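What the coordinates show
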Amino acid sequence: MKNITIGITAHVDSGKTTLAEAILYKTGVIRKLGRVDNGNSALDTDSIERERGITIFSSQAEFTVDGTRYTLLDTPGHVDFTAETERTMCVLDYAVLVISGTDGVQSHTHTLWKLLQKYEVPVFIFVNKMDLIGADKSSIIRNLSSKLSAGCVDFTGSSAEIAEASAYCSEKLMEKFISESSIGITDIAEAVKNREIFPCFFGSALKMEGIDEFIDILHRYTEVSAYSNEFGAKVYKISYDPKGTRLTHVKIMGGQLGMRDEICYRDSDGNDVSAKVSSIRFYTGEKFRNAEYADPGDVCAVTGLPETYAGQGIGFIRNSERAYIEPVMTYKVIVPDDINVYDALKDLRILEDEDPQLHIVWDEQNREIHIQLMGAVQIEVLTRKIKEKFGFSAGFADGAVAYKETIRFPVEGIGHYEPLRHYAEAHILLEPLPLGSGLVFDTSCSEDELDRNWQRLILTHLAEKTHLGVLTGSPITDMKLTLVAGKAHLKHTEGGDFRQATYRAVRQGLRCAESVLLEPYYEYELEIPNENVGRAISDLQHMSAEFCSPEANGDISVIKGMAPVSELSSYQAEVIAYTRGKGRLSLNFSGYRECHNTDEVVADIGYDCNGDIENSADSIFCSHGAGYNVKWDEVYDNMHLPLATAGKDDSENSEDRKLKASRFIEKAVSDEELMAIFEMTYGKINREPSRAFKKTKAVNIEDKSIRLPKYSGPDYLLVDGYNIIFSWEDLKKIAEENLDAARGELINRMCNYQGYAGCELILVFDAYKVKGKHRDIEKYCNINIVYTKESETADTYIEKVTHSLSKDHRVRVATSDGVEQMIILGNGAMRISASEFKKRCIAAETAIKEYIETMK
């Protein structure tokens, strides 16, 4: 039998469940019509749903039309339960969007439309309540076309009228209509499937008007999807029956699922699971029938599968992407004194199993349970569920905005875990992504360096944990986390070692990075009387809101825009008060943006990242048979692998080196003192200088692997003079005999290097032991030389200068001083070790010599 899955969705109180009830009655599935008002509808099976008169949980029913079996999924309409609606959309073949004939497109309708677009679900629109006064067909069609899509077409007319109207929505249909003067049902059905046409129908579900015709339209213009022979399924919901049996609700996307079939999949932590199917159930409301197997396109509930979760792909089906709808408020759960908090946490995990968007978090430091919710109605429902299911009364307090964190610039985090007989080191590159991107995990590490299995394990550990930021302890988002280097031990490395190394690498990177606090924003629509526009605009400005110019519509003005949830969430009561009940505020979650009052929020939350031992940024190293802790800011000095990103922003090809060398020689010709240093190093130029130096077209050097910040001024290189002298062996030998000679040699080399690199070079020498010495700054050829004042070390001077310059300039510091390196990173500069800097100087000299050879 052919199978088609249809979801029915709407803004709350548009008559969605009433329409579903009417369809089931007309197709003979139920014998008696129920009503939402009376609490006896077939699809609202939960006691809370029947009492409140709203759909809270998605429910399933089946009906058959001319040999085609339709699975109808009724979804919640209230904004607080939109996450349940979104989870259902990933298994739909078609959707029915119910619109109120008197209200038209409402605020939540826009959200649902965006979700349907995201999941590419073809849509039929049923305009309900057309029996009420004020419902006008022509104005509704205009409203749908302007606010949803120009493809909204009235399908209540004759076949010829439907064909003509459809032709305007598709170039392919228009060509066929012009050439053949007609369009077939199959052609229109294909356009509906491709979301080019959105058929609109009008009626009254409560009075059963237009229901038969709408069922006929559904049957005529829907197509059965093609499925693979390979087994695959999508999990869209987890629930528990009255006996406590765990149900995994799935849609079969390919192959066939049979009783006692063994299914292999991965749980949310990445662990392999193998389980046998105990039973297969097909539900209609509360009732269900058992079956031996489920065919492609079937939607069923399966028992016997542990550790499954909503959005999971089984077989060849991939997991769903990150949810569009997210809770914006977080609450502390208040547990009664006679209830063990750990038992309560275990019970709440069951509810999280059913609704993953609850995001239950255990705060070990304060022994508190925190939960994320959408609004007041969800709180009320959750309180009832906890009481009915687990027998205790829970409270919710300290409702606060659910913040998130990201970073501004890329950083490489290091995690090392080496207690006795354990070993793992992981380098994770953290890069910022555009807002709304979520977290992306990747690897660029060579399999010659780290085995593929270890790399997969690290990626699993990256994805399994909710990584917390360092500003407020909020979850991180909008980042790409790439494994760039790693090291294992043949004998001592175990799987848990890389878990520790990975967690610590991410955390250490966050400690080194410039963190950015993000807060949720609402997209709002404010309808107020014209005389209240001034008050509204003043309020919105104080709330850091963005808004467009008011749109006047008679005595009412409409203001649209976006504003922080923290400012707008309680504004509804104010609107009702100052408009005397005439105003209306509609809110929709719009995503996360940079927080408008970061300092205030960070201070209020008071998160201590150093005291969060559950999320440590420190690493564990081993010495003399015992492990010891290394603070996060000292890991760079102890790591076993070099930084994978070191020097990437300075990578050059032969053309770049040739260009820099020519520029330096050209500059040296016009500067006698610099030319003397040049010729002392490289010898005389044998050809006519004016002929040797031709202008070369600039080479655009762009590093595509790391996005570096854009600076307004030139690059700066600060060189710790004596640190370099005593780190380079040749200069060290000279210094042992004559320190002044070593200093002079370094100065000459720096002049050459600056001419080649083109940066502003500051060479710093200690003079802090010289009594009465004031700081001296002298310009020598093309570099600046600083001799520090009494009681001032080179480290202190470099710290001050990097802090000042790094705001507008890219700053590098050449040193191997461990403490100084930590200061450099903290100030936003980049460090170059003495050995790496020597390599760069040698490379510069080589490039200059090679260029001179080409001139001979």
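Refer to the structure printed above.
Residues numbered from 1 in each chain as written. Predicted model: local features only at pLDDT ≥ 70, side-chain atom pairs only at ≥ 80, totals over all residues. Heavy atoms only, no water.

**Topic: the overall build of the chain**
For the chain, the helix and strand inventory stands at 27 helices and 39 strands. Considering only contacts in the chain between residues 6 or more positions apart, those separated by 24 or more positions represent 71%. (Helix = DSSP H or I, 4+ residues; strand = E, 2+ residues; numbered from the N terminus. Contact = heavy atoms within 4.5 Å.)

**Focus: empty space enclosed by the protein**
One pass over the full model with this rule turns up three cavities of 30 Å³ or more. Roughly 50 Å³ of volume is contained in the largest cavity. Lining the largest cavity we find His110, Thr111, Lys114, Tyr324, Glu523, Asn588 and Phe589. At the level of elements, α4 (107-118) and β31 (584-594) are the ones that each hand at least two residues to the lining of the largest cavity. Looking at the lining of the largest cavity, the element that brings in the most residues is α4, giving three residues. Of the residues belonging to the lining of the largest cavity, the class tally is two nonpolar, three polar and two charged. The calculated volume of the second largest cavity comes to roughly 40 Å³. Every residue along the wall of the second largest cavity is listed here: Phe231, Ala233, Val250, Leu257, Ile263, Val302, Leu305 and Ile314. Here the residues of the lining of the second largest cavity sort into eight nonpolar, no polar and no charged. (1 Å grid on protein atoms, 1.4 Å probe; cavity = no way out; pocket = protein on both sides within 12 Å on 5 of 7 lines; lining within 4 Å. Points joined across faces, edges and corners; volume = space filled by probe spheres on them. Nonpolar A, V, L, I, M, F, W, Y, C, P; charged D, E, K, R; others polar.)

**Here we look at the sheet that holds strand β39 (residues 830-832)**
What the six strands build is an open sheet, ordered β36-β37-β35-β34-β38-β39; its pairing is mixed. Because the sheet does not close on itself, it has two edges, and the strands there are β36 (776-780) and β39. Each strand axis lies, on average, 20° off the axis of its neighbour in the sheet, ignoring direction. Of the pairings in the sheet, the one linking strand β34 (residues 716-720) to strand β35 (residues 760-765) comprises five bridges and is parallel in character. Note on β35: the bridge partner recorded for Leu717 is Leu761. In this fold helix α27 (residues 834-855) packs onto β34, β38 (811-814) and β39, with an angle of close to 75° to the strand it touches most, β39. (Pairing = 2+ DSSP bridges. Axes fitted to C-alpha atoms, helices over the stretch in contact; angles between N-to-C directions.)

**Observations concerning the nonpolar core**
The biggest cluster of nonpolar side chains holds 49 residues, and the ones touching the most others in it are Ile369, Ile371, Phe396, Tyr524, Leu526 and Tyr571. When residues of this core are assigned to their parent elements, the largest contribution, seven residues, is made by strand β27 (residues 515-529). Ignoring anything within four residues of it in the chain, the contact list for Phe396 reads Tyr331, Lys332, Val333, Ile371, Leu373, Ile379, Leu382, Thr383 and Ile386. Counting 40 residues, the second-largest nonpolar core is a separate cluster that includes Ala22, Ala163, Ile188 and Ala191. (Core = buried A, V, L, I, M, F, W, Y, C linked by side-chain atoms within 4.5 Å. Buried < 20%, exposed > 50% of the residue type's maximum accessible area, 1.4 Å probe, protein only.)

**Here we look at the packing of helix α14 (residues 533-542) against helix α16 (residues 571-578)**
When two helices pack together, you describe them by how their axes are tilted relative to each other and by the distance separating the axes. Close contact between α14 and α16 brings their axes to 11 Å; oriented N to C, the two are set at 160°. In terms of orientation, α14 lies roughly antiparallel with respect to α16. For the pair α14 and α16, the sense of crossing is right-handed. Counting all contacts with α14, which are made through Arg535, Ala536 and Asp539, the residues of α16 involved are Tyr571, Glu574 and Tyr578. Considering only residue class, the contact of α14 with α16 consists of three nonpolar, no polar and three charged. (Parallel < 35°, antiparallel > 145°, perpendicular 65-115°, else oblique. Left-handed = near helix turned anticlockwise from the far one by under 90°.)

**Let's talk about the pattern of salt bridges**
Under the criterion given, the structure shown has 41 salt bridges. Of the charged contacts, one joins Glu86 and Lys118 as a salt bridge, the two residues approaching to 3.4 Å between their closest N and O atoms. With Glu86 in helix α3 (residues 82-89) and Lys118 in helix α4, this pair connects stretches of sequence that are 32 residues apart. Taking relative accessible area as the criterion, Glu86 reaches 3% and is therefore assigned buried. On the basis of relative accessible area, Lys118 is assigned to the partly exposed category, the value being 32%. Residue Glu745 is joined to Arg749 by a salt bridge in which the shortest nitrogen-to-oxygen separation is 3.0 Å. (Salt bridge = Lys/Arg side-chain N within 4 Å of Asp/Glu carboxyl O.)

**Digging into the side chain of Arg749**
Structurally, the position occupied by Arg749 is in helix α24 (residues 739-757). In this structure the side chain of Arg749 is engaged in a polar contact, spanning 2.7 Å, whose partner is the side chain of Asp730. Not counting residues up to four positions away in its chain, the partners in contact with Arg749 are Trp728, Asp730, Leu731 and Glu845. (Polar contact = N/O pair within 3.5 Å; in protein donor to acceptor, adjacent residues only side chain to side chain.)

**A word on the sheet that holds strand β7 (residues 198-202)**
Spatially, the seven strands line up as an open sheet ordered β2-β3-β1-β4-β5-β7-β6, and their pairing is mixed. One side of each edge strand has no neighbouring strand; the edge strands of this open sheet are β2 (59-65) and β6 (152-154). The mean angle between the axes of side-by-side strands here comes to 30°, regardless of whether they run parallel or antiparallel. Note that strand β5 (residues 123-128) and β7 share three bridges and pair parallel. Residue pairing for β7: Val127 is matched across the bridge by Phe202. The strands touched by helix α5 (residues 137-147) are β4 (94-100), β5, β6 and β7; relative to β7, the strand with the most contacts, the crossing angle is about 155°.

**Overview of the environment of Lys732**
Tracing the backbone shows Lys732 in helix α23 (residues 729-737). Owing to a relative accessible area of 31%, Lys732 belongs among the partly exposed residues under this scheme. Taking C-alpha positions, Lys732 is 9.5 Å from Tyr722, a pair spaced ten residues apart along the chain. Beyond its immediate sequence surroundings of up to four residues, Lys732 is in contact with Ile725 and Phe726.

**A short note on unusual backbone geometry**
The phi dihedral of Lys129 is positive, around 60°, even though this residue is not glycine. Residue placement: Lys129 occurs in the loop between β5 and α5. Residue classification places Lys129 among the partly exposed positions, given a relative accessible area of 23%. A positive phi angle is found at Arg580, which is not glycine, with a value near 55°.

**Side note on α4**
When the terminal C-alpha atoms of α4 are compared, their 17 Å separation across twelve residues agrees well with the 16 Å that a helix rising 1.5 Å per residue should span. Of the residues making up α4, those classed as buried are Ser107, His108, Thr109, Thr111, Leu112, Trp113, Leu115 and Leu116. Of the residues one or two after α4, Glu120 is the one with positive phi, at around 55°. (Expected span 1.5 Å × (residues − 1).)

**Notes on the side chain of Asn782**
Along the polypeptide, Asn782 turns up in the loop between β36 and β37 (783-787). Only 2.9 Å separates the side chain of Asn782 from the backbone oxygen of Cys751, close enough to count as a polar contact.

**Observations regarding the packing of aromatic side chains**
Given two aromatic rings, their pairing is described by the distance between the two centres and the angle made by the two planes. For the structure on display, the rule yields 16 aromatic pairs. Pairing Phe201 with Phe214 gives two aromatic rings, centres 6.0 Å apart and planes at 45°, and the pair type is tilted. Here Phe201, found in strand β7, pairs with Phe214, found in helix α9 (residues 211-220); they are 13 residues apart in sequence, far enough to count as distant. Measuring from centroid to centroid gives 6.3 Å for Tyr571 and Tyr578, while their planes differ by 50°, and the two rings are tilted. Tyr578 carries the same exposure label as Tyr571, and that label is buried. The ring centre of Trp113 lies 5.8 Å from the NZ or CZ of Arg195, which sits over that ring. (Phe/Tyr/Trp six-rings, centres within 6.5 Å; stacked < 30°, edge-to-face > 60°. Lys NZ or Arg CZ within 6 Å of the ring centre and 35° of its normal.)

**Quick look at the pairing of β5**
Counting buried residues in β5 gives six out of six residues, a clear majority hidden from the surface. Strand direction decides the pairing type here: β4 and β5, joined by six bridges, are parallel. Within the sheet, the bridge partner assigned to Val96 lies in β5 and is Phe124. Between the parallel elements β4 and β5, the chain passes through α4 in a crossover that is right-handed. (Right-handed = clockwise from strand over helix to strand, strands pointing away.)

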